[in-house]
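# Structural overview for review
What follows is the residue order along each chain.
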Amino acid sequence: AQVIEGLAAYSEYESERVPKDWLRRNRDGQLLYAMEPQLGKLHATQMPNFGNGYMAAQFGAGWLYVGGIYNGVHGSSHRAKVPTPFNLRPNHTRAGLAVDMERGTVEQLFLWPDASAIQRTYLHQALPHLAVTELEFDNSRGQRPLTVDLMQIGFEGSSDFLLK
């Protein structure tokens, strides 16, 4: 409930920077969001958890849990931390974060002076082995092409996997 309390407290914040779709879906009780600078006040434990019954992760963590994957080589058996395959995002300051409870997605908002991007991440419900990250750019107000560098958020490490 901690993540709901955190995002719910900041979902009352309205400005021209909040996507209209987020405002509408928030009023309909389908989505919670936080924008900077309020987003920066959220503790890491208040970031959303999401899953599909087969795999689950806390948004922003470098690992996820997958059903049936355990490790017991270093002691008692435990769920193995598997590197997250979808930690890719624009190399730009995040302006907002939303949890869409109806669609089962986590969205990040990135803003430039004349452009915006929404990054949408979800774990597919019908195809449980599929994790999806979409990047949707809007440069319709821009006079020039938008060039965006992407960055990969690193895997923070786990004694369960040796990555080479």
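As the structure is a computational prediction, the values presented were derived from the model and not from experiment.

It is worth spelling out the pattern of salt bridges at this point. Enumeration according to the criterion identifies nine salt bridges in this entry. Between Glu-102 and Arg-25 there is a salt bridge whose closest N-O contact spans 2.9 Å. With Glu-102 in the loop between β9 (94-100) and β10 (105-111) and Arg-25 in helix α2 (residues 20-27), this residue pair connects regions lying 77 residues apart in the sequence. Where Arg-103 meets Asp-100, a salt bridge forms, and the shortest distance between an N and an O atom there is 3.8 Å. Assessed through its relative accessible area of 46%, Arg-103 is described here as partly exposed. For Asp-100, a relative accessible area of 1% puts it in the buried group. Connected through salt bridges with shared partners, the residues Asp-21, Arg-24, Arg-25, Asp-28, Asp-100, Glu-102 and Arg-103 form a single ionic network.

Among all positions of α2, only Trp-22, Leu-23, Arg-25 and Asn-26 are buried. Where α2 is buried, its residues meet β1 (31-35), β9, β10 and β11 (116-123). Following α2 by one or two positions, Gly-29 adopts a phi angle in the positive range, close to 80°.

Turning next to the packing of aromatic side chains. Evaluation of the coordinates by the stated rule reveals four aromatic pairs. Arg-79 extends its terminal NZ or CZ atom over the ring of Tyr-65, reaching a point 4.0 Å from the ring centre.

A few words now on the pairing of strand β4 (residues 63-66). Of the strand pairs in this sheet, strand β3 (residues 55-58) and β4 are connected by three bridges, and their pairing is antiparallel. Residue pairing in the sheet places Met-55 in a bridge with Val-66 of β4. Adjacent in sequence and paired antiparallel, β3 and β4 are bridged by four residues, among which Gly-60 carries a positive phi angle near 95°. Two strands pair when backbone bridges link them, and β4 and strand β7 (residues 82-83) are joined in this way by two bridges, in the antiparallel orientation. Bridging across to β7, Leu-64 finds its partner in Val-82.

The rules behind these values
- Per chain, residues are indexed from 1 in the order of the written sequence.
- This being a predicted model, a pLDDT of at least 70 is required before a residue's local features are given, and a value of 80 or more before pairs of side-chain atoms are given or counted; all residues contribute to the totals for chains, interfaces and linings.
- Note that water and hydrogens are dropped before the side-chain values are worked out from all heavy atoms of the structure.
- By salt bridge we mean one thing: a side-chain nitrogen of Lys or Arg within 4 Å of a carboxyl oxygen of Asp or Glu.
- Counting from the N terminus, the helices are DSSP H or I runs at least four residues long and the strands are E runs at least two residues long.
- Burial classification: accessible surface area is computed with a 1.4 Å probe over protein chains only, and a residue below 20% of its type maximum counts as buried, one above 50% as exposed, and the rest as partly exposed.
- We call two residues in contact when some of their heavy atoms are within 4.5 Å.
- In this scheme Phe, Tyr and Trp rings, the latter by its six-membered ring, pair at centre separations within 6.5 Å, and the angle between planes marks the pair as stacked below 30 degrees, edge-to-face above 60, and tilted otherwise.
- Working rule: Lys NZ or Arg CZ, within 6 Å of ring centre, within 35 degrees of ring normal, means a charge sits over the ring.
- Two strands are counted as paired when DSSP detects at least two bridges linking them.

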